[in-house]
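# Overview (structure and organization)
In case you want the letters, here they are:
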Amino acid sequence: MTSASSLARSTTVEKPEPRLNDADTIATEIVEKLTYSIGKTVKAARIHDWLEATTLVVRDRIIDNWFESTIKTYERQDKRVCYLSMEFLIGRLLRDAISNLGLTETVREALARYDVDLNLVELLEPDAALGNGGLGRLAACFMESMATTGVPGFGYGIRYVHGFFRQEVVDGAQVELPETWLKHGNPWEFERRESSYEIGFGGKVSAIEENGKLRSVWRPGERVLAVAYDTPVVGWRGQHVNTLRLWSAQSLDPILLDAFNAGDHIGALLESNKAEAITRVLYPADSHQAGQELRLRQEYFFSSASLQDIIRRHLAQHDDLTNLADKVAIQLNDTHPAVSVAELMRLLVDVHGMEWDAAWKVTRDTFSYTNHTLLPEALETWPIHLFERLLPRQMQIIYQINAEVLREATAGKQLDDGTISAISLIDENNGRRVRMGQLAFVGSHAVNGVSALHTELMKETVFHDLHKVFPTRIENKTNGVTPRRWLFQANPGLTQLIEEAIGPGFKDDITQLAKLDPHAEDAGFREKFVAIKRQNKQRLAHLVEERLAIHLDPNAIFDIQVKRIHEYKRQLLNILETVALYEQIRSLPHLDWTPRVKVFAGKAAPSYVQAKEIIHLAGDVARVINSDPTVRGLLKVVFIPNYNVSLAEIIMPAADVSEQISTAGLEASGTGNMKFALNGALTIGTLDGANVEMLEHLGEENIFIFGLKADEVARKRAEGHRGQGVIDQQPMLRSAIDSISAGVFSQDDPNRYANLMNSIRDRDWWMIAADFRAYWDTQRQLDVLWKDRAKWDAIAVRNTARMSWFSSDRSIDEYAHDIWHAGPKGR
Ligand SMILES: *Cc1c(COP(=O)(O)O)cnc(C)c1O
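Predicted model, so just to flag it, every value in this text is computed and none were measured. Sequence order as written defines the numbering, with residues in each chain counted from 1. Where local features are concerned, this predicted model is filtered to residues with pLDDT of at least 70; where side-chain atom pairs are given and counted, the filter is 80 or more; whole-chain, interface and lining totals use all residues. Based on all heavy atoms of the structure, the side-chain values leave hydrogens and waters out of the count.

## Description of the site of the ligand
As a reminder, the rule being used: A cutoff of 4 Å decides nearness: a residue is near a molecule or strand if any of its heavy atoms lies inside that distance of it. Under the rule applied, a polar contact is a pair of N or O atoms within 3.5 Å (in protein, one hydrogen donor and one hydrogen acceptor; residues adjacent in sequence only if both atoms are side-chain atoms). Residue exposure ignores everything except the shown protein chains as possible cover, and the areas themselves are Shrake-Rupley values with a 1.4 Å probe. Each cavity reported here is a set of points on a 1 Å grid over the protein atoms alone in which a 1.4 Å probe fits but cannot get out, each pocket an open set with protein on both sides within 12 Å along at least five of seven lines, and each lining residue one with an atom within 4 Å of a point. Occupancy of a cavity or pocket is assigned to a molecule whenever over half of its atoms lie within 2 Å of that pocket's grid points. Under this grouping Gly is polar, as are all residues other than the nonpolar Ala, Val, Leu, Ile, Met, Phe, Trp, Tyr, Cys and Pro and the charged Asp, Glu, Lys and Arg.
Taken together, 13 residues lie near the ligand, and Lys 563, Lys 569, Thr 671, Gly 672 and Lys 675 sit nearest. One of the backbone nitrogen or oxygen atoms of Thr 671 is found 2.8 Å away from an oxygen atom of the ligand. The separation between an oxygen atom of the ligand and a polar main-chain atom of Gly 672 is 3.0 Å. For the ligand, whose unbound accessible area comes to 390 Å², protein coverage reaches 96%. Most atoms of the ligand, that is more than half of them, are within 2 Å of grid points of the largest cavity. Looking at the shell around the ligand residue by residue, the classes come out as four nonpolar, six polar and three charged.

## Here we look at the packing of aromatic side chains
The cut-off we apply is this: Pairs were defined over the aromatic rings of Phe, Tyr and Trp, the Trp ring being its six-membered one, requiring ring centres within 6.5 Å. Orientation was assigned from the angle between planes: stacked under 30 degrees, edge-to-face over 60, tilted for the rest. To qualify as a helix, a DSSP run of H or I must reach at least 4 residues; to qualify as a strand, a run of E must reach at least 2; elements of each kind are numbered from the N terminus. Accessibility here uses a 1.4 Å probe with only protein chains present; expressed as a share of the type maximum, an area under 20% marks a residue as buried, one over 50% as exposed, and anything in between as partly exposed.
Using the criterion set out here, one finds 21 aromatic pairs in the structure. On the basis of an interplanar angle of 75° and a centroid distance of 5.9 Å, the ring pair of Tyr 83 and Phe 142 is categorised as edge-to-face. Here Tyr 83 is found in strand β1 (residues 80-84), whereas its partner Phe 142 is found in helix α7 (residues 134-149), with 59 residues between them in sequence. When sorted by exposure, Tyr 83 lands in the same class as Phe 142, which is buried. Measuring from centroid to centroid gives 5.8 Å for Phe 488 and Phe 506, while their planes differ by 90°, and the two rings are edge-to-face. In this pair, Phe 488 is assigned in helix α20 (residues 483-489) and Phe 506 in the loop between α21 (492-502) and α22 (523-548), connecting sequence segments 18 residues apart.

## Concerning empty space enclosed by the protein
How we decide: Grid points are joined across faces, edges and corners, and a volume is the space filled by probe spheres set on the points.
According to the stated counting rule, one finds eight cavities of 30 Å³ or more in the structure shown. Together, 48 residues line the largest cavity, and Gly 133, Gly 134, Leu 135, Asp 286 and Arg 564 are the ones closest to its centre. Secondary-structure elements contributing two or more residues to the lining of the largest cavity are α7, α10 (293-317), α25 (645-651) and α26 (672-678). Quantified by volume, the second largest cavity comes out at close to 200 Å³. Ile 90, Leu 93, Asp 96, Val 233 and Arg 485 are the residues nearest the centre of the second largest cavity, which is lined by 18 residues in total. Mapped onto the lining of the second largest cavity, the elements with two or more residues apiece are β2 (88-91), α4 (94-100), α7 and β10 (222-234). In terms of residue class, the lining of the second largest cavity is made up of 12 nonpolar, two polar and four charged.

## Describing the UniProt feature "modified residue: N6-(pyridoxal phosphate)lysine" (unreviewed entry) in the protein chain
Our working rule: UniProt positions are given in the numbering used here, feature names are shortened, and annotations may be inferred rather than shown by experiment. We call two residues in contact when some of their heavy atoms are within 4.5 Å.
Per the UniProt record, the feature "modified residue: N6-(pyridoxal phosphate)lysine" (unreviewed entry) sits at Lys 675. Examined against the element boundaries, Lys 675 turns out to sit in helix α26. Excluding residues that lie within four positions of it along the chain, Lys 675 makes contacts with Arg 137, Val 481, Trp 486 and Met 652.

## Digging into the confidence of the model for the protein chain
The following threshold applies: Confidence of the predictor at the level of single residues is captured by pLDDT, which takes values from 0 to 100.
Put simply, the protein chain has an average pLDDT of 95, and 96% of its residues get 70 or more. Of all helices and strands in the protein chain, the one with the weakest mean pLDDT is helix α1 (residues 3-9) (45), whereas strand β22 (residues 657-660) scores best (99). Contacts of residues 1-12 to residues separated by more than four positions or lying in other chains number 18 contacts, the stretch itself having pLDDT below 50.

## Structural notes on helix α33 (residues 789-802)
The criterion, for reference: One less than the number of residues in a helix, times 1.5 Å, gives the span that helix is expected to have.
With 14 residues, α33 should reach 20 Å at 1.5 Å per residue; the first-to-last C-alpha distance of 20 Å fits that figure. Among the 14 residues of α33, 10 are classified as buried, and the element is accordingly described as predominantly covered.

## Overview of the packing of helix α2 (residues 23-38) against helix α5 (residues 104-112)
We count it as follows: An axis is simply a line fitted to the C-alpha atoms; with a helix, the fit covers only the stretch in contact. Between two such axes, the angle follows the N-to-C directions and lies from 0 to 180 degrees. Each angle receives one of four descriptions, namely roughly parallel if under 35 degrees, roughly antiparallel if over 145, roughly perpendicular if within 65 to 115, and oblique otherwise. Working rule for handedness: look at the near helix, and if it is turned counterclockwise from the far one by less than a right angle, call the crossing left-handed; if clockwise, right-handed.
Put simply, α2 and α5 touch, their axes get as near as 8 Å, and they point 55° apart. Regarding the angle of α2 to α5, the classification is oblique. In the packing of α2 onto α5, the handedness of the crossing is right-handed. For the pair formed by α2 and α5, the contact residues are Ala 23, Ile 26, Ala 27 and Ile 30 on the first element and Thr 106, Val 107, Glu 109, Ala 110 and Leu 111 on the second.

## Observations regarding the pattern of salt bridges
As a reminder of what qualifies: What counts as a salt bridge is simple: a side-chain nitrogen of Lys or Arg found within 4 Å of a carboxyl oxygen of Asp or Glu.
Tallying each qualifying case throughout the model produces 66 salt bridges. Of the charged contacts, one joins Arg 485 and Asp 96 as a salt bridge, the two residues approaching to 4.0 Å between their closest N and O atoms. In this pair, Arg 485 is assigned in helix α20 and Asp 96 in helix α4, connecting sequence segments 389 residues apart. Among the ionic pairs, Arg 752 bridges to Asp 748, the shortest N-O distance being 2.6 Å. Salt bridges sharing partners connect three or more residues here, namely Asp 559, Glu 577, Arg 596, Lys 598, Glu 659, Arg 780 and Asp 783.

As structure tokens, this is what we get:
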């Protein structure tokens, strides 16, 4: 029985009384939970117990609205949006939930009666890190915005036992430690044993004749069970609550009795270990394809479970699957769930007996696909032999799709061999591989990029030939971030100030932030704005002091680059500029240097050698600079370990300068850029990803753009650009590179950075040498601006006032209207 139909029956049952939301009631309920659910007295309760009790009380309130939302969607037969994503980088939920329900102050007061501090309670919640970075965080922002804007949304993903690894830095090097977010249980989730599905792997396909027609039957060699865990996702003001459904793998028979009884205890348990391994750990590679078989198993596992669930729900309400696309939109978040295209075809044709052509139309009308990267090393492909062994029927279907797409593409046209091999789902040039991007593209009615520039580059590069065949399929949907988490919760001081200035309307309609614009000219307002920025900087300084024993001066520019460590994101450019600045401060101590704090944070994929060297270098440079008395506190450098959502919530509001300096053409959108600017940081950045649109919305006086543009990068690469020529012309850059190469920052191992520095001298693939001078000059321009506080602060205010377009509510409205045709804006 599906939960939807069991809920539908309950409509005849009387609705529960609305709960009272005063502090007395909440305090009483918390103590009740403490007593009867946790089994502790107020006196004996530890702070973890208070967290659990508070979560349960908040959860009760969400559940009431959850049932109501689910029943409404069911009764009105509203179209549902299913967001399939391998990653959801959620972060903590308690503060988000309380804030969206409007209960923050009430819960604070209720807990205070027992001398319990809500802030401390919130800090104990583990940070749910079921994602790597931007892609997973986007999925989390979208879930919140769907709930806020009233789109009936279902997130589908994987319940990893171990999320993104915990990062420590030991002797300068990154160390990866297992993450254990489920250690104390997870009060937000509900296990749905009744929603479980069998997922097959391997085995054989045979064709049987039925009523004169051939039907394929797949007999998997191996089967595991996908069990659903549901988490409610509450939107702003608690009006609408959606579901995040994460799948956990279990063995069909926890113990193989035959083997067990035959005395093979270990062998019997190995089987269940193998099943459970599928959802044990998140792959920690961002912008890089993980080619292991287990990864493909994960992808198929959650795709198949989600589709089976979607079909079961549909058939509980409708006679057949021909109208699936009218009732469900399925968004593929990158190619990780792209095997869904073949799997839906299999379910429709083999299991539900639909004709191929009809099934293909349903499939295409149901799916849409978001591309997240143009990096060749990140484009997902799988060796044919692996695919065929693991998913033999899906492989047949992919061949058939390929044949028909090629026939459709060539109909009435003369396509050359180059075009045909470019649009083929099978890459014949690299040992025969399945191209997941092509599969997602041809199986979808809409394909989108995540910023205007990225979408244009998609048309010119990865999907150049498919775009010519299907010229209306690609469209743009620029990313956004939820202002609830990234402004209201992360920056309550600024939120209150905005409310005092322009009234509370912006909380329900973020576009009203624009009313703040004229306040940029108001010295009194700016003073309050800066006072809040200062408090946020002190909060970050306090954290750094506590964790790293490094003192930061809040009068300095807080210049921050936090994101995954990747060569294209160019943390190395920032570090080189830091070293150059250090050397200049030492050589020219009489100049009027503007004090700066350089903050870095981010994780490197465990196998990404260069990224790990960059982390090591940041630490080495920090140690030398921070302990050099001649710097006189004018420059401090910190690398804060274990960047995650909770740390981002403290860092974003504390920034004066936001570093968004990727090699142009490489960052699909960025969302960190949006969080920073929304909180009043000035962006120094390249014309890349959504920075381009930030420039349009902010105006060119309010953002600091430098460097090569995407087409210039492409041209230079084609011309065989080398770094050495530029370095010879740039004494500051040459000196910085030479110092690092000579071991000035790594005396224990002078050659540590030889490869890293040589890669700039030789290939300079990421245009670090090429962009250095423009970057340096723009940084010095910011130094000068800092001294004109009225001007700087006015720009900061205008950043906050003009960023509302980058709300994920706007992104979701566009998806709902243009692609999904679902939700209040989609009809
Ligand atoms: C927003 C966010 C990201 C994405 O940052 P980019 O700068 O866009 O790469 C990554 N990780 C966390 C924890 C985030 O909050």
